[in-house]
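# Architecture and fold: a report
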Amino acid sequence: MTRRILLIEDEASIAELLSLHLGDGNSEVTHVSDGVRGLALAVQQRWDLILLDLGLPRCDGLDICQQVRELQPQTPIVVVTARGSEADRIRGLEMGADDYVTKPFSVSELVARINALMRRVEVLSQSPKPDIITVGDISLDMLGHTAHIGGDRVQLTVREFELLGHFARHPGRAFKRAELLEAVWGNSHDGYFHTVNTHINRLRAKIEVDPARPRIITTVWGVGYKLSMDTSDHSTRVGGSSSKTTASTA
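### Notes on the overall build of the chain
Along the chain, the regular secondary structure elements total 8 helices and 14 strands. With 250 residues in all, the chain has 49% of them scored as buried.

### Focus on helix α3 (residues 61-71)
Within α3, the full set of buried residues consists of Gly61, Leu62, Ile64, Cys65, Val68 and Arg69. Viewed end-on, α3 has its buried residues packed into an arc of 155°, placing them on one side of the element. Every exposed residue of α3 that faces more than 90 degrees away from the buried side is listed here: Glu70 and Leu71. Where α3 is buried, its residues contact β1 (3-8), α2 (35-44), β3 (49-52), β4 (77-81), α4 (86-94) and α8 (193-207).

### Side note on the packing of helix α7 (residues 177-185) against α8
Contact geometry of α7 with α8 gives a least axis separation of 9 Å together with a crossing angle of 80°. By the criterion of interaxial angle, the relationship of α7 to α8 is roughly perpendicular. Contacts from Arg177, Ala178, Leu180, Leu181 and Trp185 in α7 reach Phe193, Thr195, Val196, Asn197 and His199 in α8. Within the contact of α7 with α8, the residues separate by chemical class into 6 nonpolar, 3 polar and 1 charged.

### Some thoughts on the nonpolar core
Membership of the largest hydrophobic core comes to 27 residues, with the highest contact counts inside it found for Leu140, Leu163, Leu164, Phe167, Ile207, Ile217 and Leu227. In contact with Leu227, other than residues within four places in its own chain, are Val135, Ile138, Phe167, Ala168, Pro171, Gly172, Arg173, Ile216 and Ile217. Leu6, Val32, Ala42 and Leu62 belong to the second-largest nonpolar core, a separate cluster that totals 21 residues.

### A short note on the sheet that holds strand β5 (residues 99-102)
The strand order across the open sheet formed by 5 strands is β2-β1-β3-β4-β5, and the pairing between neighbours is parallel. Each having just a single partner strand, β2 (27-32) and β5 make up the two edges of the open sheet. Adjacent strand axes in the sheet meet at a mean angle of 20°, parallel and antiparallel pairs treated alike. As paired elements, β4 and β5 share 4 bridges and run parallel to each other. Opposite Val78, over in β5, you have Asp99 as the bridge partner. Sitting on the sheet, α3 touches β1, β3 and β4, and the angle it makes with β3 is about 160°.

### Let's talk about the packing of helix α6 (residues 158-169) against α7
Angle between the axes and distance between the axes: these two values describe a pair of packed helices. Their axes nearest at 10 Å, the elements α6 and α7 cross at an angle of 120°. Judged by the inter-axis angle, α6 sits oblique to α7. Our pair here, α6 against α7, has a crossing hand that is right-handed. Mapping the contact onto sequence places Arg159, Glu162, Leu163, His166 and Phe167 in α6 and Leu180, Ala183, Val184 and Trp185 in α7.

### Considerations on the environment of Ala168
Residue position: Ala168 is located in helix α6. Overall, the relative accessible area of 4% leaves Ala168 in the buried class. With 28 residues separating them along the chain, Ala168 and Leu140 place their C-alpha atoms 8.4 Å apart. Discounting chain neighbours no more than four positions away, the residues touching Ala168 are Ile133, Val135, Leu140 and Leu227.

### Section: the layout of surface pockets
Roughly 250 Å³ of volume is contained in the second largest pocket. If you go around the second largest pocket, you meet 11 residues; those closest to its centre are Gln66, Arg69, Glu70, Arg202 and Lys206. Mapped by element, the contributors of at least two residues to the lining of the second largest pocket are α3 and α8.

### Quick look at the packing of aromatic side chains
Here the structure, examined in full by the defined rule, presents 1 aromatic pair. When the ring of Phe167 is compared with that of Phe175, the centres are 6.1 Å apart and the planes differ by 70°; the resulting orientation is edge-to-face. The two residues Phe167 and Phe175 agree in class, both being buried. The ring of Trp47 carries Arg4 above its face, with NZ or CZ at 4.2 Å from the centroid.

Scoring rules and cut-offs
- Residues numbered from 1 in each chain as written.
- Predicted model: local features only at pLDDT ≥ 70, side-chain atom pairs only at ≥ 80, totals over all residues.
- Heavy atoms only, no water.
- Helix = DSSP H or I, 4+ residues; strand = E, 2+ residues; numbered from the N terminus.
- Buried < 20%, exposed > 50% of the residue type's maximum accessible area, 1.4 Å probe, protein only.
- Arc of directions from axis to C-beta.
- Contact = heavy atoms within 4.5 Å.
- Axes fitted to C-alpha atoms, helices over the stretch in contact; angles between N-to-C directions.
- Parallel < 35°, antiparallel > 145°, perpendicular 65-115°, else oblique.
- Nonpolar A, V, L, I, M, F, W, Y, C, P; charged D, E, K, R; others polar.
- Core = buried A, V, L, I, M, F, W, Y, C linked by side-chain atoms within 4.5 Å.
- Pairing = 2+ DSSP bridges.
- Left-handed = near helix turned anticlockwise from the far one by under 90°.
- 1 Å grid on protein atoms, 1.4 Å probe; cavity = no way out; pocket = protein on both sides within 12 Å on 5 of 7 lines; lining within 4 Å.
- Points joined across faces, edges and corners; volume = space filled by probe spheres on them.
- Phe/Tyr/Trp six-rings, centres within 6.5 Å; stacked < 30°, edge-to-face > 60°.
- Lys NZ or Arg CZ within 6 Å of the ring centre and 35° of its normal.

This is the structure:
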């Protein structure tokens, strides 16, 4: 099956190189060099993956990332940029990027990361039973790639869904950051602990009543994070807004 990839990159040499290598891997690459046109294509069509530079003419890549994430939360986004500081990386992840690669980069490593991410998306869509995972108020449809808390739909990115799914498969178990990196991102992300922290924060903002005092995904000091065995009897915060629900423990 041919994968449809949108490449938004204003450096012609990099775009040509990436288009060549990705095209060899059974992918159909559509390249645009302008941020405004890139945003229009990103939200008007369905893509298997968006590869996004940040320093673009007329529209910054972070704005594109944020708008795409709001409209198409399940579309994988990989940022490729010269902005390489830790603060830039964290901001990119906070805006919804599933991965963040800095220039200069190894083309083979980038292609490997893209393939790993897309394989994970494909696995999620072909998940083995159980199709539904329920822990307290949390219900995850692994085939439909949908999440509900207390009956309310929560819009999650690919990484957020997989992270919550990993916790839900092992409720009450504390995971080190390195273990979460391995399970959700794979070996290529070894050591990027702030990637885990950022995604945990994004997930809490969507599922916790008070993200500053989390009750669902809790911190285990000196270890990492775990999913509480009792996630019921909550008012849930969905997509940035709060709503009251009547919950029952499954």
